[in-house]
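Remarks on the overall topology
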Amino acid sequence: MISFRAEDGFELRGHLYGDAATAKAGLLIAPAMGVEQRYYAAFARWMAQQGWLVMSFDYRGMGASRPDAMKRSLKGLDADIHTWAERDAAAALSHLDRLLGDRREIHWLGHSLGGQILGMLPNRTRVSRAVTVGCGSGYWRENAIGLRRYVWWLWYVVVPLALPAFGYFPGRKLRKVGDLPRGVMAQWRRWCLDREYMMGEGGDALRARYASLSMPMLSLAFTDDEFMSRRNTESLHGFYAGAHPEMRRIAPKDIGERRIGHFGFFRDRFERSLWPQVSAWLA
């Protein structure tokens, strides 16, 4: 476990895999909404074996970056998704940069939300190549068909009742997503109810920041993703217009599997079938 601080002094926690002295490049893993960094450990270890210095981290309020005083409740934690991106993820990227100690490339791997926020980072141009996994817009009318009824209930009933009642989103109690700071959940709700997702709130200035990124980008999406439809994926990657993302949409049968889904990529059974697509593309 390593510790580092965001620009505002908030202490964050991460893990390192690999050797900074011998690594050919760095790889930062940005988590999905409500997913702790430990979920990515098997993949991170494997990528380190391929020669990368891999760093994972938790956003503030999540996993190892959840303050001890807030283990029971996140009430009072002031954070939204911009905080996670512009302070926490940016601090993780800067920390990995310092650990490398030179101008070796740093690559970004974002799972779901982790792929959505890259354009918000103030130091985003330090990233040489980016991979998104199961990443798309969260606009609810474009969600996978089976999810739409669930998210309608979430956005119009559960969240409006839970946030004022608890002061944060008690996902563990509700068995939905996980505990999230109030500002994160409130902002995510606004985005998911907007056809333009985060651009509806961010406007032309945010759209321009995303479009200005020109690093190579690979999108790995899955036909059986229970959250992200093809349209979700295309909508989000349309924001990265300057990167001209390479889009790969993989069906489980393509790799001899019955199921991949939104979270499956990082399970170690895909070590030989899916993980090499990342290492080969980044090489």
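Every value quoted in this text rests on a predicted model; they were computed, and no experiment measured them. (Residues numbered from 1 in each chain as written. Predicted model: local features only at pLDDT ≥ 70, side-chain atom pairs only at ≥ 80, totals over all residues. Heavy atoms only, no water.)

Notes on the packing of aromatic side chains
- Counted by the stated rule, this structure contains 18 aromatic pairs.
- A ring pair is formed by Trp152 and Tyr156, whose centres lie 5.5 Å apart and whose planes are at 35 degrees; its orientation type is tilted. Linking Trp152 with Tyr156, this pair stays in helix α4 (residues 145-166), spanning four residues, or about one helical turn.
- Positioned above the aromatic ring of Trp281 is the side chain of Arg129, whose terminal nitrogen or guanidinium carbon lies 4.0 Å from the ring centre.
- For the cation-ring pair, Arg189 lies above Tyr156, with the distance from its terminal atom to the ring centre recorded as 5.8 Å. (Phe/Tyr/Trp six-rings, centres within 6.5 Å; stacked < 30°, edge-to-face > 60°. Helix = DSSP H or I, 4+ residues; strand = E, 2+ residues; numbered from the N terminus. Lys NZ or Arg CZ within 6 Å of the ring centre and 35° of its normal.)

Things to note about the pairing of strand β6 (residues 127-133)
- Of all the seven residues making up β6, five are buried; the element is thus mostly covered by neighbouring parts of the structure.
- In this structure, strand β5 (residues 106-111) lies alongside β6, joined through six bridges in parallel fashion. Looking at β6, one finds that Trp108 is bridged to Ala130.
- Where β6 meets strand β9 (residues 217-222), four bridges bridge the pair, whose relative direction is parallel. Note on β9: the bridge partner recorded for Val131 is Leu218. (Buried < 20%, exposed > 50% of the residue type's maximum accessible area, 1.4 Å probe, protein only. Pairing = 2+ DSSP bridges.)

What to know about the layout of surface pockets
- The calculated volume of the largest pocket comes to roughly 390 Å³.
- What lines the largest pocket is a set of 22 residues, among which Met33, Val177, Trp188, Phe227 and His262 lie closest to the centre.
- The set of elements that each furnish at least two residues to the lining of the largest pocket consists of α3 (113-116), α4 and α6 (182-192).
- With five residues, α4 is the largest single contributor of residues to the lining of the largest pocket. (1 Å grid on protein atoms, 1.4 Å probe; cavity = no way out; pocket = protein on both sides within 12 Å on 5 of 7 lines; lining within 4 Å. Points joined across faces, edges and corners; volume = space filled by probe spheres on them.)

A short note on the state of the cysteines
- In total, this model carries zero disulfides according to the counting rule given.
- You can see Cys135 has no disulfide; the closest cysteine sulfur is in Cys192, sitting 12 Å from it.
- When its relative accessible area of 1% is taken as the criterion, Cys135 is described as buried. (Disulfide = S-S within 2.5 Å.)

Here we look at a nonpolar patch on the surface
- Together, Trp152, Trp153 and Tyr156 make up a nonpolar patch on the protein surface, roughly 350 Å² of accessible area in all.
- Accessibility expressed as a relative area gives 40% for Tyr156, which makes it partly exposed. (Patch = residues over 30% accessible without salt bridge, like charges linked within 9 Å, V, L, I, M, F, W, Y side chains within 5 Å. Areas by Shrake-Rupley, 256 points an atom, 1.4 Å probe, with all protein chains shown as cover. Salt bridge = Lys/Arg side-chain N within 4 Å of Asp/Glu carboxyl O.)

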